[in-house]
Amino acid sequence: MVDFKYKIADVAKDFDLSTKKVIDTFASLTGETRKTSGVFEEKEVNALLEALTRETAVENLDEYLASAKKPEPKPQPKPEAAKKPAAEAKKPEKNDKRGDRRNEKQPEKRSEKRVTMQELAADTGIKKPVATEQVKVNRSQVSVDTRTVDVNVDKFSARYDDLADSRNMPNKRKNQPSGKKEKFNNRNRQRGQQFGRRRETEAERLQRIQLEKARNAQLKISIPDEITVGELATRLKQNVAKVVAKFMQMGEMHAASDVIDFDSAALIAEEFHAKVEHEVHVSIEERLFVQEEDSADQLTERPPVVVVMGHVDHGKTSILDRIRSTNVTAGEAGGITQAIGAYQVNVNGKLVTFLDTPGHEAFTAMRARGANMTDIAVLVVAADDGIMPQTIESINHAKAAKVKLIVAINKMDKPTANPELVKEQLTKYEIVPEDWGGETACIPVSAVTGMGIQDLLERIVLEAEVMELKANPNRRAKGAVVEARLDKGQGPVATLLVQNGTLHKGDCLIAGTAVGRVRTMRNDKGVEIEAAGPSTPVEITGLTEVPTAGDIFEAVEDERLARELADKRTNEAKEKQFAAYTKVTLDNLFDQMAQNDMKELPIVVKADVQGSAEAVKQSLEKLSNDEVRVCVIHAGVGAISKSDVSLADASNAIIIGFNVRPDAVAKAEAEQAGVEMRMYRVIYDAINDVSDALKGMLAPKIREVALGEAQVRQVYKISSVGTVAGCRVTEGKITRDAQLRLVRDGIVICEDAIASLKRFKDDAKEVAAGYECGITLQKFSDIKEGDVFECFKLEEYRE
């Protein structure tokens, strides 16, 4: 449909009004002032036509007819003319048409209407003539000016309506039978009128269409839950003053900018004889996400999702290691799982998905998210230690998530193991073992010997069968973000757990403020797959940014709407952040002054994955006390960059890196600006250092001294030796007795000791910058070309 636009000057010309009059009328309707050179849209012209029509309306037709000029008096006819026969009276009709045309051109003759004597007699009350004279009288016609003669005009209203309809509908057949006889001279008159008729303007056409619509249909408007008075007047096509007057009649005072509810607006609309419909706003989420519930015939059995929780060093990762038959514990620092992992195992032909949550209290938030994703929680308790603080925390999270709890009493191979003591301690937290008449299974296991592992797995499968876990695989995927990180080569990488539906490669999904299409998808074994069903953990790439661990993700059909929703969520997060700042008032002035006196320790946190960054941030902010406040001004993912150093320099903050390293530019910038950077691999070391600093007791006795760096150029695998890294020393020197840190794309992969350092075939104590050497590590062997070895040593010092 084409939107027509009309110049204001042309509209004023068609209305025979001044341009200022048209602009003022439009301003009174809408409150908007247009320029003389502006234009009107079609709906604005319609509203303007209605307003001008109401403004120039008259109460009755007599007032309009009386406005015409009085006709000039005609000369009295001679007496002899009355005695002339009727045949002579008809002679003027036989005159040439030129005389008639001259008479038609006179202004007064234009508005005269011709009626028969019969009609005039019936209207004025004159008696009928005799039959012999009636034939003569009916043949003659008399011109009567209806403005000057007191006649019954209402009798001819039907003729006026027919005339208006014929003018408004020019396509209608002019010779359509009307039930009355039509004289032949009418056709000639109509033919002459066609040649003399003025062409209909666009404004007149629009007015005619609008009047036809008004006659044929009732005005229908839609009103939302809330609407302003001015908007209501616009939808009702009424002046705002009239709408306000209606409110006053109902005993309410409102201005044009006041907001009213649906009920009040509907009452006013009914006063103007409008039909009201309730306008319902559909949110982006309702248009984007599937809202219907799955029917019973669509559901199929799905694998259970199991979370393993427990106190630090109680052996939960070792139990998973025994289950998966892989060595994961050796790659962890301090025996702590540093990021949530998701794995799938096969138990007697049935799949079981495991989530490994970290065991330290710093990862409280991560563990809580892991419990909410799962169906069954396995609580690992060491038989020789019993219930510990993190064990209690895990119990509370499992109860809050309302998941089935199974207790695995680990380390039964130790001679000091006391499972009965553990069962007794569990009863204090409303966990009664089955042996004591309760509902909680307590299974003794040993991660070292493998004792009870199979019993634990069978019990998990049994509990899953009782729970009847089901999902609908034939719908768009929905689930949760287990973990997310920023990879230098692949960009944002997210570990997802599909909870319902099936996720396909190429699907568009949204997770929090991150949106994108699944570019690659790998399972827990690292194998690329095309689809992932319910309870399947996958690692994907293709998102626009790193999502937050614990965010809900959904596969959607409309990518444009998904990006619009992501932008909306981003803006809402910014508004929420701005709203967190407290404005100073007289009530909180004293509190604000007290806060200004409080010392503040700003910190920039960088970590290898998003979940770790959040956990570090929350743990550090909990260290705030009444005297000193810890403020994490930025928490991000990836290597420490120059922008992080610039932010810390401007904010007088320190940088804490968790499993990351600074790049060369950031390191030089920090040295020049005097920004302190501290790197950690175990999070409670960072917590302890910051806690001591807050107490004024920080007196480090050990510091790291950088010796040199070497870049891996080529990797050799020798059966008798192992993996040998052919390196070139790029900075400083590499010494045989020093510690070595392997860094890949700014992420710390491991810290290890040098097993051998050779220069060609000879052993070397140190290799200086610019020389090549061969290096083997004592434990780690997964070395790749492009890796960087950082050589350092730890030394004691006093301030």
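Look above for the structure.
In this numbering scheme, every chain counts its residues from 1 along its sequence in written order. In keeping with the predicted nature of the model, local features appear solely for residues at pLDDT of at least 70, side-chain atom pairs appear and are counted solely at 80 or more, and the whole-chain, interface and lining totals rest on all residues. Heavy atoms from the whole structure form the basis of all side-chain values; hydrogens and water molecules are not counted.

**Section: the side chain of Lys423**
The secondary structure listing takes helices from DSSP runs of H or I that are at least 4 residues long and strands from runs of E that are at least 2 residues long, numbered from the N terminus. By the element assignment, Lys423 lies in helix α21 (residues 419-427). Only protein chains enter the area calculation, which uses a 1.4 Å probe; residues under 20% of their type maximum are buried, those over 50% are exposed, and those in between are partly exposed. Its relative accessible area of 8% is what places Lys423 among the buried residues. What Lys423 contacts, discounting residues up to four positions off in sequence, is Ile409, Pro433, Asp435, Trp436 and Cys442. Note on definitions: a residue-residue contact is assigned when non-hydrogen atoms from the two residues lie within 4.5 Å.

**Regarding unusual backbone geometry**
With phi around 60°, Lys411 is a residue other than glycine that occupies positive phi space. Tracing the chain through its elements places Lys411 in the loop between β14 (404-410) and α21. The phi torsion at Asp745 lies on the positive side, around 55°, for a residue other than glycine. Along the chain, Asp745 turns up in the loop between β31 (739-744) and β32 (747-759). Since its relative accessible area comes to 43%, Asp745 is described here as partly exposed.

**Section: the packing of aromatic side chains**
Each pair of aromatic rings is reported with the distance of its centres and the angle of its planes. Between the rings of Phe, Tyr and Trp (Trp by its six-membered ring), a pair exists once the centres lie within 6.5 Å; its type follows the angle of the planes, with under 30 degrees stacked, over 60 edge-to-face, and the other angles tilted. For the structure shown, the criterion picks out 1 aromatic pair. Between the aromatic rings of Phe26 and Phe40, the centroid separation amounts to 4.8 Å while the plane-to-plane angle is 40°, which identifies the pairing as tilted. Here Phe26, found in helix α2 (residues 19-30), pairs with Phe40, found in strand β2 (residues 39-41); they are 14 residues apart in sequence, far enough to count as distant. Phe40 carries the same exposure label as Phe26, and that label is buried. For the cation-ring pair, Lys246 lies above Phe272, with the distance from its terminal atom to the ring centre recorded as 5.6 Å. Criterion for a charge above a ring: Lys NZ or Arg CZ within 6 Å of the ring centre, and within 35 degrees of the ring normal. The cationic tip of Arg741 hangs over the ring face of Phe792; the distance from NZ or CZ to the ring centre is 4.3 Å.

**What to know about the sheet that holds strand β20 (residues 508-511)**
Pairing between strands is defined by DSSP: at least two bridges between them are needed. Spatial strand order, β17-β18-β23-β21-β20-β24: 6 strands in a closed barrel with antiparallel pairing. Strand-to-strand twist of the sheet, defined as the mean angle between neighbouring strand axes without regard to direction, takes the value 45°. Bridge count for β20 against strand β21 (residues 514-522) is 4 bridges, and the pairing is antiparallel. Bridged to Ala511 within β21 is Ala514. Here an axis means a line fitted to C-alpha atoms, over the contact stretch when the element is a helix, while the angle between two N-to-C directions is reported on a 0 to 180 degree scale.

**Comments concerning helix α20 (residues 389-401)**
Under the 1.5 Å per step criterion, the end-to-end length of α20 is 19 Å for 13 residues, consistent within 8% with the ideal 18 Å. Phi for Lys402, located one or two positions after α20, is positive at around 55°. In this analysis, the expected span of each helix is defined as 1.5 Å times one less than the number of residues it contains.

**What to know about the pairing of β21**
In this structure, the hairpin formed by β20 and β21 is closed by a connection of 2 residues, where Gly512 is found at a positive phi of approximately 65°. Pairing of β21 with strand β23 (residues 536-543), which is carried by 4 bridges, proceeds in the antiparallel orientation. Residue Thr520 lies in a different strand from β23, and its bridge partner there is Thr541.

**Side note on the pattern of salt bridges**
When the charged atoms of two side chains lie near each other, side chains of opposite charge can form a pair. Salt bridges are defined by distance alone: a side-chain nitrogen of Lys or Arg within 4 Å of a carboxyl oxygen of Asp or Glu. A complete count under the given rule lists 38 salt bridges for this structure. A salt bridge links Arg485 to Glu539, with the nearest nitrogen and oxygen atoms 3.3 Å apart. A residue pair is termed long-range when its members are at least 10 positions apart, and Arg485 in strand β17 (residues 478-487) and Glu539 in strand β23 qualify at 54 residues. Taking the relative accessible area as the measure of exposure, Arg485 reaches 26% and is therefore partly exposed. Since its relative accessible area comes to 23%, Glu539 is described here as partly exposed. Linking Asp763 and Lys758 is a salt bridge whose minimum nitrogen-to-oxygen distance equals 2.6 Å.

These results come straight from atomic positions and should not be treated as a statement about function.
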